[in-house]
Each structure stands twice: as C-alpha cells, then as structure tokens.
Amino acid sequence: MSRMNSIPVSVVERIFSNWTALKMAIDHGMGTSQQAREFCGYVVELISMNEKLNHSDVAAELADYMDEHFDTQLEDESEKYVAEEILRFRSLLDLNDSNQFESDINRLPATQSWIQTVRVSRHSDASASNGDKEENDRKNPSSSEMEVDGEGFTMVTKKKK
C-alpha cells in the first residue's frame, strides 16, 4: 500500500549527498552520481511501499544496496545514522507535523552538488575543475578512508585517532 505522504526524493537526496561513504564510493569510481540519485528514488519507494519497516530494516537495506550496487562494504555503521534520519522524516509525515518537517529539513546540511544533475557549460575547463578537486581533497582529508580488498570490495573504515 502506498503512503499518502511519501517522503520527498529531495529529502533523501539531501541526506545522501552528505553521506561520506556514498560520496567516497562515487569519488573512487564505484558508481556514478546518476546511480546515487537512483538509490534515492529506490529508498523513497521502499519506504513508501513498506509501512512497517523499522530502523534496522532500512539500515540493512542501505548496506546491502551499497554492497550490491557500489561494491562498498560499510564498516563505519553510517547506514544506521542515514536510516534513522530518513525514518525521522517519515515519522513526521505520518504525524502530519509539517512545521517540524520543514524545520528539520532546514537544519539538514545543504544538498551537495555532486549528487545533483550538473549541467556543464561549453566554456568550462574540465582539467581545471579536476585540479581544484584534487587540491581540495588534499587540504580537507575525510574522516574515513576507503580500501579495496583482494576481492575488489571497497571497505569504508574510520580513521584511527
């Protein structure tokens, strides 16, 4: 049965665009931004078609999808946080609490451009933008690292403190 108040794809996209594990999978060529957007749509459909999904169900589905579609095994348990965020918004919709829903959306970090459909100008210099990205990556290392094991699976692990 489909929900009347289905969570908007834009909310899931906003959450996913700030999910380091998904971004790193895309950055390391394990998938594309288009596949990440499709993942958002899949999660919206999953949530809207299954009213009884709980936190652990959604987290398991996120981890399975990352493994199957992005060859990425999550070791940081970030799928639990992402599932919690998505279900919090579903709960607000179920309660018809549009004020809190809007307030919580506004508190989310902005949607990152890497997940959005990018329109490239004919005058843009791709090599300059790649150089800028590499420079930014060196200046701002992420809080987790990716490794590829012998079987070709990518593992996301936390940095040692």
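Structure's up top.
Residues numbered from 1 in each chain as written. Predicted model: local features only at pLDDT ≥ 70, side-chain atom pairs only at ≥ 80, totals over all residues. Heavy atoms only, no water.

1. A word on the packing of helix α1 (residues 9-17) against helix α3 (residues 33-49)
The packing of two helices is summarised by the inter-axis angle and the distance between the axes. Where α1 contacts α3, the axes come no closer than 9 Å and their chain directions differ by 125°. In this view, α1 runs oblique relative to α3, as classed from their interaxial angle. In this structure, α1 meets α3 at a crossing whose hand is right-handed. Where α1 approaches α3, its residues Val9, Val12, Glu13 and Phe16 are matched on the opposing element by Ala36, Arg37, Phe39, Cys40, Val43 and Val44. Looking at the contact of α1 with α3 residue by residue, the classes come out as 8 nonpolar, no polar and 2 charged. (Axes fitted to C-alpha atoms, helices over the stretch in contact; angles between N-to-C directions. Helix = DSSP H or I, 4+ residues; strand = E, 2+ residues; numbered from the N terminus. Parallel < 35°, antiparallel > 145°, perpendicular 65-115°, else oblique. Left-handed = near helix turned anticlockwise from the far one by under 90°. Contact = heavy atoms within 4.5 Å. Nonpolar A, V, L, I, M, F, W, Y, C, P; charged D, E, K, R; others polar.)

2. Details of the pattern of salt bridges
Per the counting criterion, the structure on display carries 5 salt bridges. Across the pair Asp27 and Lys23 runs a salt bridge whose closest N-O atoms are separated by 2.8 Å. Taken together, the residues Asp27 and Lys23, both in helix α2 (residues 20-27) and 4 residues apart, mark about one turn of the helix. A relative accessible area of 36% means that Asp27 is categorised as partly exposed. Relative accessible area serves as the criterion here: at 25%, Lys23 is assigned to the partly exposed category. With a shortest N-O distance of 2.7 Å, Asp104 and Arg107 are connected by a salt bridge. One end of the pair is Asp104 and the other is Arg107, both in helix α6 (residues 98-107) and 3 residues apart, which spans about a single turn. Using a relative accessible area of 8% as the deciding quantity, one classes Asp104 as buried. Several salt bridges share partner residues, and in doing so they unite Glu85, Arg88, Asp104 and Arg107 into one network. (Salt bridge = Lys/Arg side-chain N within 4 Å of Asp/Glu carboxyl O. Buried < 20%, exposed > 50% of the residue type's maximum accessible area, 1.4 Å probe, protein only.)

3. Structural notes on α1
Counting buried residues along α1, 7 of its 9 residues qualify, which places the element largely inside the surrounding structure. Taken together, the buried positions of α1 are Val11, Val12, Glu13, Arg14, Ile15, Phe16 and Ser17. Next to the buried residues of α1 lie α2, α3, α4 (55-70), α5 (78-94) and α6.

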